[in-house]
Amino acid sequence: MPLINTVAAVATPPGKGGIAAIRISGPQSISIAAKVFTSANKNKALQNMQGYTAAFGSYLYRGKQVDEGVALCYRAPHSYTGEDVVELFCHGGEEVSREVLLACIEAGAAPAGPGEFTKRALLNGKMSLTQAEAVMELISATSSQGVQVARAALGGALATQIQTQKQQLTNLAGHLAAYTDYPEEDVETLTKDEFITTLQQVGAVLDDLIANYHKGSIVRSGVPAAIVGSPNVGKSTLFNLLSGYQRAIVTEVAGTTRDVLREQIQIGGIALHLADTAGLHDTKDVVEAEGIKRSYDEIENANLIIAVFDGSQRLQQEELELAEMCAGRPALGIINKSDLGTQMQPEQLQKYFRKVLVVSAKSPQTRPMLEQAVLEILELDKMDPSQALLANQRQLAAVVEARKALQQAEDTLLSGFTFDAAGVFLEDGISALAVLTGENATESIIDDVFSRFCVGK
């Protein structure tokens, strides 16, 4: 559905840089750009340029030359938005790009809203709503696995999966309609078992998407993680090892860390929002007590606990109490200081932790061991980043609604009701999946999705 207005925006981040890009999209983009840009080659006017061609020239704003640069033309429908698009590349100063944009607006372009170019791509059938959401996921990715997952979604992994399941349900609904509405015609008989089998097959795929939602969330957003333990067990040494530099002060004095230190790190291709906490112990010092209170808060809120124990000493009662706090949670037990000899055995902690490692935080060889253990605990060690994964609560809610409808359809058939009664819930399931892909999404849903985008994309 082509839009009648033409919009423009700076498509590169603000600040100083080598190059800035101003993107124009819409039916008047070529003529608007021609008022701003003059080709150095008199025989290569923008109006006559074919798609995927470029020209060097000058930018004019209110009759004065602003800069020199390159204009790149795309002809509809072979562009990102599906419309005529011109991208104007100039030097990356904020004032230069601002004046080129102002020149485009004075020439007739409207300022683009957040995500408006991608929104136009959606409305013009260039991508599904899940692919549009993947664009922002790719921009926001903070880890290598996050990038791979976003690329897979942008490439259509989720959209294809959902369309395949929706098509199975649509075929079933069509068969049901023909079978019930035209009994006199020679329509192949639809049995209850066949009906239920299709519902269960699609339901299993939706169940898998729902079950793996937490994996996609971890990969995209990262994991709040806390390093905890008694004083002087090597928490800060481990924190520095994972951070890759001397982020925390390390001394032989117990209680050196009194407040929470934070660092975002990459481990195994995912982002850990890592916190180094004060040592847990009884104290009458007011400052230490506040730091310890914050340590317990970090334990409460962490989605991954890395509990550190001094392996050169026997297991103490307060350490056992910490281990008990970690039971049943995503937690890794670290028996540290193996270089000093081991008095503590992994068997003493294994029932409280999903995995226990004996290490020396001073050894660089410890980091890859930790990476593998973290991935196993978070159930990401065998995850395929190219698989279809749900990206956000909107997508999850749509799949949950579709799954509920299919279960209701199956229950209706098993209770002895007619195919027509089950068909009502079948249609509800198809509709929910169409909302997910954007085919049946309301204007308010689409506006909400694109409100999270940056201007220029």
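**Student:** What is the right way to look at the overall build of the chain in this model?
**Tutor:** Within the chain, the secondary structure is distributed over 15 helices and 13 strands. Over its C-alpha trace the chain gives a radius of gyration of 29 Å, far above what one expects of a compact globule, namely 23 Å for 457 residues. Taking all 457 residues of the chain together, 48% fall into the buried category. Put simply, the chain shows about 21700 Å² of open surface, and 51% of that area lies on carbon and sulfur atoms. The chain carries 38 positive and 54 negative side-chain charges, and their two centres are separated by 9 Å.

**Student:** Teacher, can you tell me more about the side chain of Thr277 here?
**Tutor:** Its location among the elements puts Thr277 in the loop between β10 (270–276) and α10 (286–301). A relative accessible area of 0% places Thr277 in the buried class. There is a polar contact of 2.7 Å between the side chain of Thr277 and the backbone oxygen of Ile227.

**Student:** Sorry if this is basic, but what is going on with the pairing of strand β4 (residues 53–61) here?
**Tutor:** On a regular strand, one side chain projects to one face of the sheet and the next to the other, so that they alternate. Where strand β3 (residues 37–39) and β4 come together, three bridges link them in antiparallel fashion. By the bridge assignment for β4, Phe37 is matched with Tyr59. In this structure, β4 lies alongside strand β5 (residues 64–74), joined through nine bridges in antiparallel fashion. Looking across to β5, one finds that Leu60 is bridged to Gln65. The turn joining β4 and β5, which pair antiparallel and follow one another in sequence, is formed by two residues; a positive phi near 55° is taken by Arg62.

**Student:** Would you take a moment to explain the side chain of Ser360 for this structure?
**Tutor:** When you line up the elements, Ser360 lands in the loop between β13 (355–358) and α12 (366–377). Its relative accessible area of 10% is what places Ser360 among the buried residues. Once residues within four sequence positions are removed from consideration, Ser360 is found in contact with Asn336, Lys337, Ser338, Asp339 and Thr366.

**Student:** I'm lost on the sheet that holds β4 in this one. Help?
**Tutor:** Whenever strands of a sheet pair, they do so through backbone hydrogen bonds, lying parallel or antiparallel. Across the sheet, seven strands lie side by side as β3-β4-β5-β6-β2-β1-β7; this open sheet has mixed pairing. In this open sheet, the two strands that pair with only one neighbour each are β3 and β7 (110–111). With five bridges connecting them, β5 and strand β6 (residues 85–91) associate as antiparallel partners. Counterpart to Val70 in the pairing with β6 is Phe89. Most of the contacts of helix α3 (residues 116–123) go to strand β1 (residues 7–10), to which it runs at about 140°, and overall it touches β1, β2 (19–25) and β7.

**Student:** Would you explain the sheet that holds strand β12 (residues 331–336) in this entry?
**Tutor:** As summarised here, the arrangement of the six strands in space is β9-β10-β8-β11-β12-β13, forming an open sheet in which the pairing is mixed. Across the chains shown, the open sheet's two edge strands, defined by having one partner strand only, are β9 (261–267) and β13. Ignoring which end each strand starts from, the neighbouring axes of this sheet average 25° apart. Where β12 meets β13, four bridges bridge the pair, whose relative direction is parallel. Its bridge partner being in β13, Ile334 is matched across the sheet by Leu357.

**Student:** Help me understand helix α8 (residues 213–221) in this model?
**Tutor:** Along an α-helix, a turn takes 3.6 residues, which lines up residues three or four apart on a common side. Buried within α8 we find Tyr213, Lys215, Gly216, Ile218, Val219 and Arg220. The inward-facing, buried residues of α8 abut α4 (129–140), α5 (144–154), α7 (192–211), β8 (223–229), β10 and α13 (393–414).

**Student:** Which parts of the structure should I look at to understand the pairing of strand β11 (residues 304–310)?
**Tutor:** A large share of β11 lies buried, amounting to seven of its seven residues. Bridging between β8 and β11 involves five bridges; their strand directions are parallel. Looking at β11, one finds that Ile227 is bridged to Ile306. Where β11 meets β12, six bridges bridge the pair, whose relative direction is parallel. Looking at the pairing, Val308 lines up with Ile334 of β12. Read as a crossover between parallel neighbours, the route from β11 over helix α11 (residues 317–326) to β12 is right-handed.

**Student:** Explain unusual backbone geometry to me, please; I cannot follow it from the model alone.
**Tutor:** Cis peptide bonds are those with omega within 30 degrees of zero, and the linkage from Ala76 to Pro77 qualifies with 0°. Phi is positive for Glu379, which is not a glycine, with a value near 60°. A relative accessible area of 43% places Glu379 in the partly exposed class.

**Student:** Would you mind showing me how to read the environment of Gln350 here?
**Tutor:** For Gln350, the location among the structural elements is in the loop between β12 and β13. Its relative accessible area of 45% is what places Gln350 among the partly exposed residues. Each C-alpha atom, one on Gln350 and one on Gly333, is 8.0 Å from the other, the two residues being 17 residues apart in sequence.

**Student:** What is the right way to look at the pattern of salt bridges in this model?
**Tutor:** Should their charged atoms come close, side chains of opposite charge can pair. This structure, assessed with the given rule, holds 14 salt bridges. Across the salt bridge formed by Arg394 and Glu133, the nearest N and O atoms sit 2.9 Å from each other. With a gap of 261 residues between them, Arg394 in helix α13 and Glu133 in helix α4 connect regions that are remote in the sequence. For Glu133, a relative accessible area of 7% gives the class buried. Here Asp310 makes a salt bridge to Lys337, at a shortest N to O gap of 3.5 Å. Taken as a pair, Asp310 in strand β11 and Lys337 in the loop between β12 and β13 lie far apart in primary sequence, 27 residues in all. Each member of the pair, Asp310 together with Lys337, is buried.

**Student:** Looking at this structure, I do not really get the domain arrangement of the chain. What am I missing?
**Tutor:** Accessible area lost upon the coming together of the parts is a frequently used measure of interface size. As assigned here, the chain comprises domain 1 (7–125), domain 2 (155–212 + 389–452) and domain 3 (222–377). Computed over C-alpha atoms, the centres of domain 1 and domain 3 are 52 Å apart.

**Student:** In this structure, what is going on with the environment of Ala141? I would like to understand it.
**Tutor:** Residue position: Ala141 is located in the loop between α4 and α5. Separated by 78 residues in sequence, Ala141 and Val219 have C-alpha atoms that sit 8.7 Å apart. When residues no more than four places from it in sequence are discounted, the contact partners of Ala141 are Gly146 and Val147.

About the criteria used
- Residues numbered from 1 in each chain as written.
- Predicted model: local features only at pLDDT ≥ 70, side-chain atom pairs only at ≥ 80, totals over all residues.
- Heavy atoms only, no water.
- Helix = DSSP H or I, 4+ residues; strand = E, 2+ residues; numbered from the N terminus.
- Rg over C-alpha atoms; globule rule 2.2 N^0.38 Å.
- Buried < 20%, exposed > 50% of the residue type's maximum accessible area, 1.4 Å probe, protein only.
- Areas by Shrake-Rupley, 256 points an atom, 1.4 Å probe, with all protein chains shown as cover.
- Lys, Arg positive; Asp, Glu negative; His and termini not counted.
- Charge placed at Lys NZ, Arg CZ, Asp CG, Glu CD.
- Polar contact = N/O pair within 3.5 Å; in protein donor to acceptor, adjacent residues only side chain to side chain.
- Pairing = 2+ DSSP bridges.
- Contact = heavy atoms within 4.5 Å.
- Axes fitted to C-alpha atoms, helices over the stretch in contact; angles between N-to-C directions.
- Right-handed = clockwise from strand over helix to strand, strands pointing away.
- Salt bridge = Lys/Arg side-chain N within 4 Å of Asp/Glu carboxyl O.
- Domains from an automatic or database assignment.

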